[in-house]
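# Survey of secondary and tertiary structure
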Amino acid sequence: MNREVEGTSRPRILLVEDEINLARPLQFNLEQEGYAVRPTPSGKEALNFFSREHFDLIILDLMIEEMDGFEVARQVRHKDPRVPILMLTARSTEQDRVQGLEIGADDYMIKPFHLRELLLRVQRMLQRAHWYVDQPRPLRQVTIGAYQVDLDQLTASGPGGKLQLTALEADLLGLMAAEPNRVLSRAELLEKVWGYSSEVETRTVDNFIVRLRKYFEEEPERPRHFVSVRGRGYMYVP
């Protein structure tokens, strides 16, 4: 495992986890990978840290002290649509995972998880965030139905008013809009947007597509622009 994100030294991680038997070894292993970790069991304290310090990534458990992870994620996203959030959740709460992603988490892991996979996801999320900030990018504006979308400002305007996108939502939308009428597999989307290999098992792509449908489709249950192609993946239809 690489111990440094290219072009950075000691990326800073806010670890919000109140299970001490998980938080301590997780902090230790993240620090062994070269990350600076600020741990807290408290949602309120996490927001206090976030308001005063810079973090490159947040690892956020849903069930934490004083304030649940949903509210923490909601307030973080209100202040910063770009900072990556990796959500930790229990196996039995499918609706919690969907809700967390809808609020603005970039990905989730189900407890219990393999440490190596978590470290790999952390590494990929940090690399992607670093690329997003530092690379020169052309102005990206697209039209989705009746919406005008500014992919760099992470905003969209249309009949439903103004929307605030996350960086991952904008990148997924930009990738699909750049290749209209072509089927993109989940593995390709995971690799190009999240930076994950095809071995990573996650329904994150499906949940993000659902979010794009809620934003831009007149009838999200009968999508016209973000179409599922059974057994193959998803396709953007202008």
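The structure presented is a predicted model; accordingly, all values stated were derived computationally and were not measured. (Residues numbered from 1 in each chain as written. Predicted model: local features only at pLDDT ≥ 70, side-chain atom pairs only at ≥ 80, totals over all residues. Heavy atoms only, no water.)

### Here's the deal with the pattern of salt bridges
Pairing of side chains with opposite charge becomes possible as their charged atoms draw close. Tallying each qualifying case throughout the model produces 16 salt bridges. A salt bridge links Asp61 to Lys111; the nearest nitrogen and oxygen atoms lie 3.1 Å apart. Of this pair, Asp61 sits in strand 3 (residues 57–61) while Lys111 sits in strand 5 (residues 107–111); the two residues are 50 residues apart in sequence, bridging distant segments of the chain. Across the pair, exposure class does not vary: Asp61 and Lys111 are buried alike. Note that Glu169 is salt-bridged to Arg211, the shortest N-O span being 2.3 Å. You can see Glu169 sitting in helix 6 (residues 167–178) and its partner Arg211 sitting in helix 8 (residues 204–216), a full 42 residues away along the chain. You'll find Glu169 and Arg211 in the same group, each marked buried. Taken together, the shared-partner salt bridges in this structure form one network comprising Glu17, Glu19, Asp61 and Lys111. (Salt bridge = Lys/Arg side-chain N within 4 Å of Asp/Glu carboxyl O. Helix = DSSP H or I, 4+ residues; strand = E, 2+ residues; numbered from the N terminus. Buried < 20%, exposed > 50% of the residue type's maximum accessible area, 1.4 Å probe, protein only.)

### Looking at the environment of Leu172
Residue position: Leu172 is located in helix 6. Leu172 gets classed as buried once you look at its relative accessible area, which sits at 0%. Separated by 36 residues in sequence, Leu172 and Phe208 place their C-alpha atoms 8.3 Å apart.

### As for the confidence of the model for the protein chain
Summarising the model, the protein chain shows a mean pLDDT of 87, and 90% of its residues fall at 70 or more. Per-element mean pLDDT across the protein chain ranges from 80 in helix 5 (residues 115–134) up to 98 in strand 1 (residues 12–16). Across residues 1–8, confidence stays below pLDDT 50; counting only partners more than four residues off in sequence or on other chains, it has 21 contacts. (pLDDT = per-residue confidence, 0-100. Contact = heavy atoms within 4.5 Å.)

### Brief notes about the packing of helix 6 against helix 7 (residues 186–194)
Their axes nearest at 10 Å, the elements helix 6 and helix 7 cross at an angle of 125 degrees. The pairing of helix 6 with helix 7 is recorded here as oblique in orientation. Crossing handedness for the pair helix 6 and helix 7: right-handed. Here helix 6 contributes Leu168, Asp171, Leu172, Leu175 and Met176 to the contact with helix 7, which in turn contributes Leu189, Lys192, Val193 and Trp194. Counted by class, the contact of helix 6 with helix 7 contains seven nonpolar, no polar and two charged residues. (Axes fitted to C-alpha atoms, helices over the stretch in contact; angles between N-to-C directions. Parallel < 35°, antiparallel > 145°, perpendicular 65-115°, else oblique. Left-handed = near helix turned anticlockwise from the far one by under 90°. Nonpolar A, V, L, I, M, F, W, Y, C, P; charged D, E, K, R; others polar.)

### Comments concerning unusual backbone geometry
Note the cis peptide between Lys111 and Pro112, where omega equals -10 degrees. By the element assignment, Pro112 lies in the loop between strand 5 and helix 5. The backbone of Leu154 sits at a positive phi, close to 60 degrees, despite the residue not being glycine. Summarising the element assignment, Leu154 is placed in the loop between strand 7 (147–150) and strand 8 (155–158). At Asn181, a residue that is not glycine, the phi angle is positive and equals roughly 65 degrees. Among the secondary structure elements, Asn181 is positioned in the loop between helix 6 and strand 10 (183–184).

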